[in-house]
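Each chain, written out:
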Amino acid sequence: MLKVALRRFLLFVLTLWLLSIIVFLASHVLPGNVGRAMLGPFADPRAVDQLNHELGTDRPLLAQYADWLGGFVQGDMGDSFAMRQPVAPFVWNALGNSLRLALLALVLVVPLGILGGVLAALFVGRPLDRVITVGGLSAAVVPEFISGIVLILIFGVWLKWLPLSAAAPADAGLLVQIKYLLLPSIPLVLVLFGYIARMTRAGMIEALDSDYMRTAMLKGLKRSTAIRRHALRNALLPTISVVATQTVYLLGGLVAIEVLFHYRGIGSLIYTAAQKKDFPMLQAAVLVVGAVFILASLAADLIYAWLNPRIRLGGGE
Amino acid sequence: MSDAPLPLVASDGGAAARERRERLRVLLRSPTFLVGAAIILFWVFCALFGEAVVPLDPYADDMMNYLMPPSAEHWFGTDQLGRDVFSRVIVGSRDILTVAPLATLISTLAGAALGLVMGYYRGWADEILSRVIDAMLALPTIVIALLALVALGTSTITVVLVIGFTFAPIIAKTVRAAVLAEREVEYVAAAELRRESGLYVMFIEILPNVAAPILVEATIRLGYAIFAVATLSFIGFGIQPPSPDWGLSISTNYGLLTGGYWWTVLFDSLAIASLVVAVNLVADAMQAALHD
C-alpha cells in the first residue's frame, strides 16, 4: 500500500509539473507577444514594450517560467494586470465558492447515479434500463448552460420556486445558501449522472453474475441482502474512479454555469480574466483548476487502493 | 511467428468484410441510430439550404416588431431587433455544423497519427507523450480552449484549430489502446518479417483494422465538439456576431429571460440539445454494433 501511495504521489507531482509547463506555454508562447495580445493590435508599440517590461515578459522564457513557478509554489501567483493587485486572494476566494457549488452537485449526483446504475443493472435489458442508460447518456452531452436555461425558465421564471441568481445574501444560513445553489447545481448533476450510473451498472452486472454472488445465494442469503453486502460493494469500486475523473467535467461546466447564474466562482473568474486578457489571473486560475483535478484523481486512486484488499494487502495492482 | 501463413491473412480479410457488413446491418436496424441520424440529417439540410427555405430574412431588423411572442406570422416570435427567431434557428445550424465537424476532423487525423505512433513504437516517446496527454486532460476542454483562444485571438479558424488540437490527445489515447492490442496480431509480425517500414505497418496494415474504433471515437468527439463550440459561443469566445448561431443567440438574449421573453432563448436551446443528443445516439448505436 505504501509503495502504491508513493508511486501515485510521484506521478501526481510529475503531472502537476507538466501541467504548469502547458499552462505557461499557452499563456506566454502562444500569444507571441504577451503585451501586444493584451493591448490589442492598435496599441502604441511603446506601450506594448512598457507593458512587457512591467510584466517581465521581455525576459528569457526560462527565467520567466522559473520565476512564475517559484512564486506559485510559495503561494505568490503574481499580480493581476486588470486590478493591479495580487491574484492569489481572488483565486482562493473564487475556488472556495466553486467548491461549495461542486460539492452540492456531487452530494446530489453520487447517490442518484449509484441508485440509477443499480436499478438499471437489476432490470437489465428492460425499459427501465433503457430509460436510465439512454436518458443518462443524453443528459450528459447536453451543454450545462442549455439545461441551466431550461431550468431557469421552468423553476425561476414560470413557477418562481427558486432564485435566478446563485449568489445568496451575505448573511444567509446554510439552508438558504443551498436554496440559491440548487438551480445551478442541477445542470452539473445532469451531466454527471449518466457516467456514474453507467459505471455502476457495468460493475453491478458483473458482480451479479459472479461466483461469490452464486455462493452467497446458495448459502441461503436473501437476494436483497446478498446484493447489498456483496454485489454493491464490489460494483462501487470503479464508481469511485469515475467520480474523480468526472470532476474535470464538473470544473469545466462551472465556467458556463457560473456565468449564467452570476456566481463568483473560479469559472467566472476565468471568464472575466479571459475577457480582460488578464494573463496572470487567467494562468493562475487555470493552473489551480488543473491542480484540483489532479488532486482529486490522486485522492480517488488512494481511496480505491485502500478499499481494494488486493492492493491494500500488497500484491501490487 | 515462424512461417506466418500469408493465405490465412487473406481469408481473415474476407471474414472481416463479412463481419463489417453484418455490423452495418445491425446498425441500420437500430432505432437509436435511425432517430439520431434523422435529426442530424434534418439539421444538415437546414445548414445547407436553410437560407433558401426560411420564410423571413434571418438578418433583417424590424424595429416596429421587436420581442413579439410567437404568432402565425412569426412562429417562434421575434428578438430584440425584431428579427424572426424561427428563421434564425433554422439558419443558425450552419456555423456550428461547419466548425464542429472540421474540428473533429483535425482532432481525428492528428489523434490517430499520434496514437498509431505511440501504440506501435511504445518506448520512451510513448511514455513521455502519455504523461503530457494526462497532464493536458487535467484541464477541462472549455478552460484550455479559452486559454488558447485568449492567446491566439478569437476567430472561426482559431476556434476550429483550438478545439481540434484540444481533442487530439483524447483520440490519441483511444487509438493507442486499440493499436496496442492490434500490434500483437500475426499480420503485424508478418509485415515486419517482410521488412516493411514502420510507416507502412502503421498506416497500411494496422490503421484499417483500428478504423472502426476510430470512427466511433470520432463520432463521440463530434458530440463534444458541438458541446464545446456552443459553450464557447455562449461565453463570447466562439462564433462571432452577426451569425444567427444558437449559442451566440442565447448569449445575447438570456438576459431577457427574467422579463419573460422565453422564445428568444428556448428554441435555440432546444436546437442545440437535439443536435448533441442525436449525435450521441448515433455514437451509442455505433458503439453497440461494434461490441456485439
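Every value quoted in this text rests on a predicted model; they were computed, and no experiment measured them.

### Considering the overall build of chain A
Okay, step 1: Secondary structure summary: chain A contains 13 helices and 0 strands in total.
Okay, step 2: Projected onto the principal axes, the alpha-carbon positions of chain A cover approximately 85 × 55 × 35 Å.
Okay, step 3: The burial tally for chain A puts 40% of its 317 residues in the buried class.
Okay, step 4: Long-range pairs, those at least 24 residues apart, make up 70% of the contacts in chain A between residues at least 6 apart in sequence.

### Quick notes on the overall build of chain B
Okay, step 1: The secondary structure content of chain B amounts to 12 helices and 0 strands.
Okay, step 2: Each helix and strand of chain B, ordered N terminal to C terminal, gives the series α-α-α-α-α-α-α-α-α-α-α-α.
Okay, step 3: On the principal axes, the C-alpha backbone points of chain B span a range of 85 × 45 × 30 Å.
Okay, step 4: Within chain B, contacts between residues separated by at least 24 positions form 73% of all contacts whose residues are at least 6 apart in sequence.

### Quick look at helix 12 (residues 263-291) of chain B
Each α-helix winds once per 3.6 residues, and so residues spaced three or four apart point in a common direction.
Okay, step 1: The end-to-end C-alpha separation of helix 12 of chain B is 42 Å, in line with the 42 Å expected for 29 residues at 1.5 Å each.
Okay, step 2: Burial runs high along helix 12 of chain B: 23 of the 29 residues are buried.

### A short note on the interface of chain A and chain B
How big an interface is tends to be stated in terms of accessible area lost as the parts join.
Okay, step 1: Chain A puts 41 residues into the contact, and the matching count from chain B is 39 residues.
Okay, step 2: Here the side of chain A that touches chain B gets 8 residues from one element, more than from any other, and that element is helix 10 (residues 223-260) of chain A.
Okay, step 3: Residue composition of the side of chain A that touches chain B, grouped by class: 35 nonpolar, 5 polar and 1 charged.

### Some words on helix 6 (residues 141-152) of chain B
Okay, step 1: Here helix 6 of chain B is 12 residues long and its end C-alpha atoms lie 16 Å apart, about the 16 Å a rise of 1.5 Å per residue gives.
Okay, step 2: Just past helix 6 of chain B, the residue G153(B) takes up positive phi, approximately 90 degrees.

### Quick look at the nonpolar core
Okay, step 1: Counting residues in hydrophobic clusters, the biggest one holds 179 residues, and the most contacted among them are I270(A), A285(A), I226(B) and V229(B).
Okay, step 2: Of all the elements, helix 12 of chain B adds the most residues to this core, at 18 residues.
Okay, step 3: With residues up to four places along the chain from it excluded, the contact list for I270(A) reads V255(A), L282(A), A285(A), V286(A), V143(B) and L146(B).

### Digging into the environment of N280(B)
Okay, step 1: Inspection of the secondary structure assignment puts N280(B) in helix 12.
Okay, step 2: Separated by 57 residues in sequence, N280(B) and G223(B) place their C-alpha atoms 6.1 Å apart.
Okay, step 3: Residues contacting N280(B), with those up to four places away along its chain left out, are L137(A), S138(A), V141(A) and G223(B).

### Side note on the environment of G247(B)
All names here are of chain B.
Okay, step 1: Looking at where G247 falls in the secondary structure, it is placed in helix 11 (residues 246-253).
Okay, step 2: A sequence separation of 129 residues divides G247 from M118, and the C-alpha atoms of the two residues are 36 Å apart.
Okay, step 3: Apart from the residues lying within four places of it in its own chain, the contact partners of G247 are V229, A230, T231, S233, F234, G238, I239 and I272.

### With respect to the confidence of the model for chain B
Residues and elements named next belong to chain B.
Okay, step 1: Looking at chain B, pLDDT values average 86 and 95% of them are 70 or higher.
Okay, step 2: Highest mean pLDDT in chain B belongs to helix 4 (residues 93-121) (93); lowest belongs to helix 1 (residues 6-29) (68).
Okay, step 3: Note that pLDDT drops below 50 for residues 1-11; the model gives that stretch 8 contacts with residues more than four away or on any other chain.
Okay, step 4: Across the whole predicted complex the pTM is 0.86, and at the interface the ipTM reaches 0.83.

### Some details on the packing of helix 11 (residues 266-275) of chain A against helix 12 (residues 279-307) of chain A
All names here are of chain A.
Okay, step 1: In contact at an axis separation of 9 Å, helix 11 and helix 12 are set at 150 degrees when each is read in the N-to-C sense. Our classification of the angle between helix 11 and helix 12 gives roughly antiparallel. In terms of crossing hand, the pair formed by helix 11 and helix 12 is left-handed. Listed contacts from helix 12 to I266, L269, I270, A273 and A274 of helix 11 are M281, L282, A285, V286, V288 and V289.
Okay, step 2: In terms of residue class, the contact of helix 11 with helix 12 is built from 11 nonpolar, no polar and no charged.

### What to know about unusual backbone geometry
Residue and element names in this part refer to chain B.
Okay, step 1: Here the amide bond leading from P241 into P242 is cis, since omega sits at 5 degrees, within 30 degrees of zero.
Okay, step 2: For R195, which is not glycine, the phi torsion reads 60 degrees and is therefore positive.
Okay, step 3: Looking at where R195 falls in the secondary structure, it is placed in the loop between helix 8 (186-193) and helix 9 (198-209).
Okay, step 4: Of the residues examined, R195 has 7 C-beta atoms within 10 Å and is grouped as exposed.

About the criteria used
- Residues numbered from 1 in each chain as written.
- Chains lettered and ligands numbered in written order.
- Predicted model: local features only at pLDDT ≥ 70, side-chain atom pairs only at ≥ 80, totals over all residues.
- Helix = DSSP H or I, 4+ residues; strand = E, 2+ residues; numbered from the N terminus.
- Buried ≥ 20, exposed ≤ 12 C-beta atoms within 10 Å, placed from the backbone.
- Contact = placed C-beta atoms within 7 Å.
- Expected span 1.5 Å × (residues − 1).
- Nonpolar A, V, L, I, M, F, W, Y, C, P; charged D, E, K, R; others polar.
- Core = buried A, V, L, I, M, F, W, Y, C linked by C-beta atoms within 7 Å.
- pLDDT = per-residue confidence, 0-100.
- Axes fitted to C-alpha atoms, helices over the stretch in contact; angles between N-to-C directions.
- Parallel < 35°, antiparallel > 145°, perpendicular 65-115°, else oblique.
- Left-handed = near helix turned anticlockwise from the far one by under 90°.

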